[in-house]
Amino acid sequence: MGLKATFYRAGKLLVRPLFGCVARVRVVGGENTNCSGGFLLAANHISHFDPFLISLAVRRKIDWMAMAEFFRLPIVGLALRAVDTFPAERDRADLKTIRTAIQRLKSGLVVGLFPEGGIRDGTRSLLEGAPLRPGASTLTQIAGVPVLPCVILGTDRLYSKRQWLPFRRTPIWIAFGNPISHFPELQKSHAREQIESELTTALKNLYTELREKFRLTADDLPHPPRERIKRCRASDRRGDPATPANGNRSGCSAIRRNGIHRFAAGGIDACLCASINLLHTRHRLNGRGHEEMVRYVAECERLTPQEYYAAPYEPNLAKTLVNGHATMAWNSPIRTRFAANNIAHAEFFRSRSRGIRAPTVLLLHALMSTGRAGHHRWAERFNELGWNACFLHLPYHFSRVPSGYWNGELAITCDLIRNAEGLRQGVIELRQLMSALRERGCREFAVLATSYGGWIGALLTLVESDFRFVALMSPIVNVEHAIWQSPAARRIRRELRHANIEPSLVSRHFHLSSPLHTQPLCDPARVLFVTGEFDSIAPACEIEAIQQKWRGSELLRVQQGHFGHRMMRETIARLKQRGDL
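A brief report on the enclosed structure follows. (Residues numbered from 1 in each chain as written. Predicted model: local features only at pLDDT ≥ 70, side-chain atom pairs only at ≥ 80, totals over all residues. Heavy atoms only, no water.)

## Notes on the overall build of the chain
Thinking step 1. Summing up its helical and strand segments, the chain has 21 helices and 15 strands in all.
Thinking step 2. Its C-alpha atoms give the chain a radius of gyration of 28 Å, within 12% of the compact-globule value 25 Å for 581 residues.
Thinking step 3. Here the C-alpha coordinates of the chain stretch approximately 85 × 70 × 50 Å along the principal axes.
Thinking step 4. Within the chain, the proportion of its 581 residues that are buried is 54%.
Thinking step 5. For the chain, restricting intrachain contacts to residue pairs at least 6 apart in sequence, the fraction spanning at least 24 positions comes to 75%.
Thinking step 6. Of the accessible surface of the chain, which amounts to about 26,400 Å², a share of 54% is contributed by carbon and sulfur atoms.
Thinking step 7. One finds the centroid of the 80 positive side-chain charges in the chain at a distance of 5 Å from the centroid of its 52 negative side-chain charges. (Helix = DSSP H or I, 4+ residues; strand = E, 2+ residues; numbered from the N terminus. Rg over C-alpha atoms; globule rule 2.2 N^0.38 Å. Buried < 20%, exposed > 50% of the residue type's maximum accessible area, 1.4 Å probe, protein only. Contact = heavy atoms within 4.5 Å. Areas by Shrake-Rupley, 256 points an atom, 1.4 Å probe, with all protein chains shown as cover. Lys, Arg positive; Asp, Glu negative; His and termini not counted. Charge placed at Lys NZ, Arg CZ, Asp CG, Glu CD.)

Pasting the structure below:
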């Protein structure tokens, strides 16, 4: 064992500078690998480079279980056995392998395996919901040792030979979770079920943590090795778009256009973020608010979305629809200290061809939207397509702006309770509208929403399901990012810190206010997320994260920042392609 340990350490010394030149490894939870005694390390598997990079991130020696096919190659088999790697058959239970693993685990060693049984990506991966093979739970339960979950991302890009150029430094992300007990107090079958359940959950949580922490894009996530290789070869045939060959002017033009769009979008977003932060200087917590926030969160923590967004019946709405009024006003069920905001207001555009029973699209505007004219034009286009359209004035906007304030100024400030109640107000009023329309014979709805309206639209899907489509353009989906990382919330963060309002306190409300931390009641396949490639307020990585969590939903990318005009046009075009319109 001493000689093989020496070979193992020598191997790490050889491969460390190699991967150090071509990869930049970021490790989360590395301290969890320092536990004493034997344990089973279970990781997802996206490339043949995984065991090398995981081994470099773990101080202790790992005895890997590897595919038996590798050992049939004499030189490879000799090298693997020299570092205590042992073979495992993928298509059947190998008693010799099981005994070897259990013996080493009981001896206090670390055994590493990939419970997926091979390289997996997409829906075949346990990270995306594929079932976990029972091998890991069996080994840890019999050996009486914990299992340590591990997620690795980025190594599949090393199949592209371009990533091996010196000092290109392909980013690799590795996360280690907390050790999972072998549950000695439970019966064998129950213990294994519990281990499988907790391991699956831990791996998915680590996957989400890496995506959120490092803002990973779709290209950062696992792809099939053949796809990576094919993409590299196709790039070789075209010429590297980053350094196009002579005459490849279209590639240069595309890059220049992309750079111009990114620069322009970044400049617009930065100016508007600065304006929002400047406006927030009018709102101060003055060091107060912590006790109120604690009380509010404690009250809300016990509520489900259906309870939090319960909508009382409003008889005046149905009567207004009978009379065919184009505008509707009613008392909002959420009372605030601003009288103007306590009156809900909506503009209804009835389909001329199909009448009140036609499906209705709910148009939800952005924060501090500059005008209604654009939404009115889109409402008329929906009427031409046989739809009703309803434009709701969201809390603190348009007709609901208190005297002395800007349009939408009070919707998002450092007063988090008012922010939450504004979101709640918007969702409940939309539910009242839908209830009134159902009473008049409308049975199908849709949502077309932008930014702040997209946030409210996403929350509406937590409690309503009768949607033909839900198109959310640059929606705010992760409250954690919106408060603690967004460039538009710098002033808010400053006030919250002065008031000792910590992220952990705010997170207790996420099950009601943060779409990324929830699941929709409607079919996710009806949801279309639209993201701006250069968006710094609702970054593409956040939209990608919720699109992956709301399994079955679709993601559309548009080359603009958070603010722009091409997104609506491309969203409508995509809805027509999908057959939703």
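## Notes on the nonpolar core
Thinking step 1. One finds Met 328, Leu 433, Val 447 and Ile 501 to be the most contacted residues of the largest nonpolar core, which totals 81 residues.
Thinking step 2. The greatest single-element share of this core, amounting to 11 residues, is contributed by helix H14 (residues 416–439).
Thinking step 3. Counting residues in each nonpolar core, the second largest holds 35 residues, with Leu 40, Val 145, Leu 203 and Leu 216 among its members. (Core = buried A, V, L, I, M, F, W, Y, C linked by side-chain atoms within 4.5 Å.)

## Considering the environment of Asn 34
Thinking step 1. Relative to the assigned elements, Asn 34 resides in the loop between strand S1 (23–28) and strand S2 (39–43).
Thinking step 2. Along the primary structure Asn 34 and Arg 59 are separated by 25 residues, whereas in three dimensions their C-alpha atoms are 7.3 Å apart.

## A look at the pairing of strand S11 (residues 388–393)
Thinking step 1. In terms of residue burial, S11 counts as a mostly covered element, since 6 of its 6 residues are buried.
Thinking step 2. Here S11 shows two buried faces, one formed by Asn 388, Cys 390 and Leu 392 and the other by Ala 389, Phe 391 and His 393.
Thinking step 3. Bridging between strand S9 (residues 343–349) and S11 involves 5 bridges; their strand directions are antiparallel. Bridge assignment links Ala 346 to a residue of S11, and that residue is Leu 392.
Thinking step 4. When strand S10 (residues 360–364) meets S11, the two strands line up parallel, connected through 4 bridges. The partner of Leu 363 across the bridge, within S11, is Phe 391.
Thinking step 5. Regarding topology, helix H13 (residues 373–384) serves as the crossover connection from S10 to the parallel S11, and that connection is right-handed. (Pairing = 2+ DSSP bridges. Right-handed = clockwise from strand over helix to strand, strands pointing away.)

## Side note on the pairing of strand S7 (residues 170–176)
Thinking step 1. By the criterion of burial, S7 is predominantly enclosed, with 7 of the 7 residues buried.
Thinking step 2. Neither face of S7 is exposed, since Thr 170, Ile 172, Ile 174 and Phe 176 on one face and Pro 171, Trp 173 and Ala 175 on the opposite face are all buried.
Thinking step 3. Both S1 and S7 contribute to a ladder of 6 bridges, which runs parallel. Pairing of Val 25 across the sheet is with Ile 172, part of S7.
Thinking step 4. Where strand S6 (residues 147–153) meets S7, 4 bridges bridge the pair, whose relative direction is antiparallel. Note that in S7 the partner of Leu 153 across the bridge is Trp 173.

## Section: the packing of helix H6 (residues 135–143) against helix H7 (residues 188–214)
Thinking step 1. Between H6 and H7, the shortest axis-to-axis distance is 9 Å and the interhelical angle comes to 125 degrees. Here H6 lies oblique to H7, going by the angle between them. Seen along the crossing, H6 lies across H7 with a hand that is right-handed. In this structure, H6 uses Ala 136, Ser 137, Thr 138, Thr 140, Gln 141 and Ile 142 to contact H7, whose residues at the interface are Lys 188, Ala 191, Arg 192, Ile 195, Glu 196 and Leu 199.
Thinking step 2. When the residues that make up the contact of H6 with H7 are grouped by side-chain class, the tally is 5 nonpolar, 4 polar and 3 charged. (Axes fitted to C-alpha atoms, helices over the stretch in contact; angles between N-to-C directions. Parallel < 35°, antiparallel > 145°, perpendicular 65-115°, else oblique. Left-handed = near helix turned anticlockwise from the far one by under 90°. Nonpolar A, V, L, I, M, F, W, Y, C, P; charged D, E, K, R; others polar.)

## Some words on a positive patch on the surface
Thinking step 1. Together, Arg 350, Arg 357, Arg 440 and Arg 443 give the surface a local cluster of positive charge.
Thinking step 2. Mapped onto the secondary structure, Arg 357 falls in the loop between S9 and S10.
Thinking step 3. For Arg 357, a relative accessible area of 60% translates into the label exposed. (Patch = residues over 30% accessible without salt bridge, like charges linked within 9 Å, V, L, I, M, F, W, Y side chains within 5 Å. Salt bridge = Lys/Arg side-chain N within 4 Å of Asp/Glu carboxyl O.)

## Notes on the packing of aromatic side chains
Thinking step 1. Applying the stated rule across the entire model yields 15 aromatic pairs.
Thinking step 2. Consider the rings of Phe 338 and Tyr 396, whose centres lie 6.0 Å apart with planes at 85 degrees: the pair is edge-to-face. One end of the pair, Phe 338, is in the loop between strand S8 (327–331) and S9; the other, Tyr 396, is in the loop between S11 and H14, with 58 residues separating them in the sequence. Here the two residues Phe 338 and Tyr 396 agree in accessibility, since each one is buried.
Thinking step 3. Each member of the aromatic cluster is reached from another via a ring pair, and the members are Phe 19, Phe 49, Phe 52, Tyr 159 and Trp 164.
Thinking step 4. Residue placement shows Lys 61 over the ring face of Tyr 8; its charged tip is 5.6 Å from the ring centre. (Phe/Tyr/Trp six-rings, centres within 6.5 Å; stacked < 30°, edge-to-face > 60°. Lys NZ or Arg CZ within 6 Å of the ring centre and 35° of its normal.)

## Side note on unusual backbone geometry
Thinking step 1. Here the phi dihedral of Arg 215 falls at roughly 50 degrees; this positive angle occurs in a residue that is not glycine.
Thinking step 2. Turning to its location among the elements, Arg 215 is positioned in the loop between H7 and helix H8 (225–238).
Thinking step 3. Positive phi, normally seen in glycine, also occurs at Asn 500, with a value near 60 degrees.
Thinking step 4. With respect to the helices and strands, Asn 500 occurs in the loop between helix H17 (490–498) and helix H18 (503–507).

## Let's talk about the sheet that holds strand S4 (residues 86–88)
Thinking step 1. Pairing is mixed across the open sheet formed by 7 strands, whose spatial order is S1-S7-S6-S2-S5-S3-S4. Sheet topology places S1 and S4 at the edges, where each strand pairs with a single neighbour. With strand direction ignored, the average angle separating the axes of adjacent strands in the sheet is 25 degrees.
Thinking step 2. Looking at chain direction, S2 and strand S5 (residues 110–113) are connected through 4 bridges and run parallel. In the strand pairing of S5, Phe 39 is matched with Val 110.
Thinking step 3. Seen against the sheet, helix H2 (residues 50–57) touches S1, S2, strand S3 (62–67), S6 and S7 and runs at an angle of roughly 65 degrees to S7.

## Thoughts on the sheet that holds S11
Thinking step 1. Sheet architecture is open: 8 strands sit in the order S8-S9-S11-S10-S12-S13-S14-S15, paired in mixed fashion. Sheet topology places S8 and strand S15 (554–558) at the edges, where each strand pairs with a single neighbour. Looking at each pair of strands side by side, their axes are set apart by 20 degrees on average, direction ignored.
Thinking step 2. Across 6 bridges, strand S12 (residues 445–450) lies against strand S13 (residues 467–473) in parallel orientation. Looking at S13, one finds that Ala 446 is bridged to Phe 469.
Thinking step 3. Sitting on the sheet, H14 is in contact with S8, S9, S10, S11, S12 and S13, with an inclination near 150 degrees to S11.

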